[in-house]
Structure formats: structure tokens, C-alpha cells
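The lines below spell out each chain.
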Amino acid sequence: MRVAATAAVSALSLALVTGCGGDSGGSDAKALTAAELKKSIIAQGDVDGYKVDASGKQLPKSKDQIKSSEAKCQPLAYAMGGLAPGDAASSTAVMTTQEKNPTDSASKSLEDLSKGEIEDSLTDAMSLNMTVVGLSSYDGAGAEETFKSVSDAVESCSGGFPVVMQGTDQKLTKITSEKASGAGDESVAFAAVSEDDGDEGTTHVEVVRHGSTIATYYTINLGLMMTDKAYDVPAAVIDAQAAKLK
């Protein structure tokens, strides 16, 4: 369980894609300013059942903190950290965390819980979706080119790639295509598998183009990851962000 959690946390990783084509941004597209982008990203109260933290305390501060020796895979690594996958005019990011109702065991004192109940309680407490939402905006055809770079990287990096996230060496072993939401003008979705001491953990990513703006979503659920149960990028978060970009 500890190893699985380590693999999960160290997995700030990105993964493979399924794309949906749409309208182009056009060479005359104008990027949103930094102030406009901050107003456009989801905030507390925009997503039912989720807390939104705009402090940035848990997120990389710059692209210097995320590096890969595989240059073609770098856009994936950036997207996983909530950073702009391309050369953006402006960018911003927030962290969303799913709110959970307390379980029956949560009302018991620790000494009244069996070992199994303690493990179940801990797993349940960690079974919540945490999603890094990033927005980046581009002039001209920048958003289209950035989206294509992500799509291309997902295909060419399907065998995984090494990455250093905020000083920690990580190894993504596999990138796997998933069904995208279909939001925006173009969208791709993928799962990223990381490995730690022989134990694997899977995280999920979606990248969506809305005109000249790119939205990235990186989701991890430690409890479900450790118990090998399925999860994905929450539709509620994607829908709420898409609504603010219309």
C-alpha cells in the first residue's frame, strides 16, 4: 500500500490521447491577457462538490522545474504540472480537490477500529479526485500548434519517458489513449503509467483547445489508484471550466 502510494504521488505524469477535431483558432487569434486568463479559470464555487485552490502552493512555479531528456515529450510533462504545453502569451493554474462526506468509521475513535477498518478508512479518505487545471493562451495559430504538439507527443511517447518534476526523478512507462470529453474545439485524453519499485500507478490527463486557449486537466486519485479501481478526469471539472471559456 505504501509503495503504491509512492508510485501514485511520484506520478505527476502525462499520457496518451484520443483526439477530436474542431474549429481552428486562426492566424488572427489573440491571446487572453494574464488578467483575463485568471478571470477565465475556475474558482471556488464554480464546481459543485469541489474545492478550488488558486494559491499555487502545490504546483510548479516555472517550466524550469519540469524537465525531460525526451524533448518531444516535454509538452506532456508540462501539461501534467499545470503549465503551458507550448510557448504561451499567458498562463495560470489551480488545484481542485473533491469534497467527501465522512464515512461511518470516521465517527468512531481510533481504538474502536479494527486493523481492516483502519486500512479501509485511510483508503477511503484518499479516494478523492485531485485535479490540476491549467489554462494557457496563444496568439495566432499558437493554440492549434500547441494542441498538435501534445497529440503528436502522445503518439510518439507511448512507450513512456523520463521526467524530473520539481527535483524528483520519475519514469513514465506507458502512455495510453482514452476517450476524450469532446469539449471545446479539439480534445485529447490519455492515461499515464508510472513505476516505483516495481509497483505501477496510473494518472489521467485531458487537453482541450478552446479557440486560442488551451485547458489542461491532470487528475490523480490515490485511494482508487492503490486499490486498482478505475477513475478519470472528472466531467464536472471539465464542464465547469468549459462554461467559463464560452
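Everything below is about the structure printed above this text.
These numbers were taken from a predicted model, which means no experiment stands behind them.

Caption draft 1: Just the overall build of the chain, in detail. What the chain contains, in helices and strands, is 7 helices and 10 strands. The buried share of the chain, reckoned over its 246 residues, is 50%. Put simply, the chain shows about 11,600 Å² of open surface, and 49% of that area lies on carbon and sulfur atoms.

Caption draft 2: Looking closely at the pattern of salt bridges. In this structure the tally under the stated criterion is 4 salt bridges. Between D152 and K148 there is a salt bridge, with its nearest N and O atoms 2.7 Å apart. With D152 and K148 both in helix 5 (residues 142–156) and 4 residues apart, this pair spans about one turn of that helix. Look at the salt bridges and you will find they share partners, linking D185, E186 and R209 into a network.

Caption draft 3: The pairing of strand 4 (residues 90–98), seen in detail. Note that strand 2 (residues 50–53) and strand 4 share 4 bridges and pair antiparallel. By the bridge assignment for strand 4, V52 is matched with T96. As judged from the 8 bridges shared by strand 4 and strand 5 (residues 130–137), these two strands associate in the antiparallel manner. Bridge pairing links T96 to T131 in strand 5.

Caption draft 4: Representation of the pairing of strand 9 (residues 199–210) within the structure. Judged by how many residues are buried, strand 9 sits mostly within the fold: 9 of 12 residues are covered. Hairpin connection from strand 8 (residues 186–196) to strand 9: 2 residues lie between these consecutive antiparallel strands, with D197 at a positive phi of about 55°. Taken together, the 7 bridges between strand 9 and strand 10 (residues 213–220) define a ladder with antiparallel strand orientation. Considered in strand 10, the bridge of V208 is made with A215. Taking the residues between adjacent antiparallel strands as the criterion, strand 9 and strand 10 are bridged by 2 residues, where G211 takes a positive phi near 60°.

Caption draft 5: Up close: the state of the cysteines. Enumeration according to the criterion identifies 1 disulfide in this entry. Shown here is the disulfide that connects C73 with C157, its sulfur atoms set 2.0 Å apart. The disulfide joining C73 to C157 has a torsion of about -105° about its S-S bond and is therefore left-handed. Of this pair, C73 sits in the loop between strand 3 (66–67) and helix 3 (74–80) while C157 sits in the loop between helix 5 and strand 6 (161–165), and the two are 84 residues apart along the sequence. Classification of C157 by relative accessible area gives buried; the value is 1%.

Caption draft 6: Fine view of the nonpolar core. Counting 37 residues, the largest nonpolar core has I66, L76, V150, F161, V163, F190 and V207 as the members making the most contacts within it. In this structure, L37, V94, V133 and L245 belong to the second largest nonpolar core, which totals 18 residues.

Caption draft 7: Expanded view of the layout of surface pockets. Reported here for the largest pocket is a volume of approximately 340 Å³. Along the walls of the largest pocket sit 21 residues, with G82, L83, S91, T92 and A93 positioned nearest its centre. Ranked by residue count, the leading element in the lining of the largest pocket is strand 4, at 5 residues. Its residues assigned to classes, the lining of the largest pocket comprises 9 nonpolar, 8 polar and 4 charged.

Caption draft 8: Broad picture of empty space enclosed by the protein. The full count for this structure, using the stated rule, is 1 cavity of 30 Å³ or more. Taken as a whole, the largest cavity holds about 30 Å³ of empty space. Contributing to the lining of the largest cavity are D53, S55, G56, K57, Q58, L59, V94 and M95. Among the residues forming the lining of the largest cavity, the class breakdown is 3 nonpolar, 3 polar and 2 charged.

Caption draft 9: Layout of the environment of A183. Position of A183 among the secondary structure elements: in the loop between strand 7 (168–178) and strand 8. On the accessibility criterion, A183 (14% relative accessible area) is buried. For A183 and I238, which are 55 residues apart along the polypeptide, the C-alpha to C-alpha distance reads 7.7 Å. Look past the residues within four positions of A183 in its chain and what remains in contact with it is V208 and I238.

Rules behind the numbers
- Residues numbered from 1 in each chain as written.
- Predicted model: local features only at pLDDT ≥ 70, side-chain atom pairs only at ≥ 80, totals over all residues.
- Heavy atoms only, no water.
- Helix = DSSP H or I, 4+ residues; strand = E, 2+ residues; numbered from the N terminus.
- Buried < 20%, exposed > 50% of the residue type's maximum accessible area, 1.4 Å probe, protein only.
- Areas by Shrake-Rupley, 256 points an atom, 1.4 Å probe, with all protein chains shown as cover.
- Salt bridge = Lys/Arg side-chain N within 4 Å of Asp/Glu carboxyl O.
- Pairing = 2+ DSSP bridges.
- Disulfide = S-S within 2.5 Å.
- Core = buried A, V, L, I, M, F, W, Y, C linked by side-chain atoms within 4.5 Å.
- 1 Å grid on protein atoms, 1.4 Å probe; cavity = no way out; pocket = protein on both sides within 12 Å on 5 of 7 lines; lining within 4 Å.
- Points joined across faces, edges and corners; volume = space filled by probe spheres on them.
- Nonpolar A, V, L, I, M, F, W, Y, C, P; charged D, E, K, R; others polar.
- Contact = heavy atoms within 4.5 Å.

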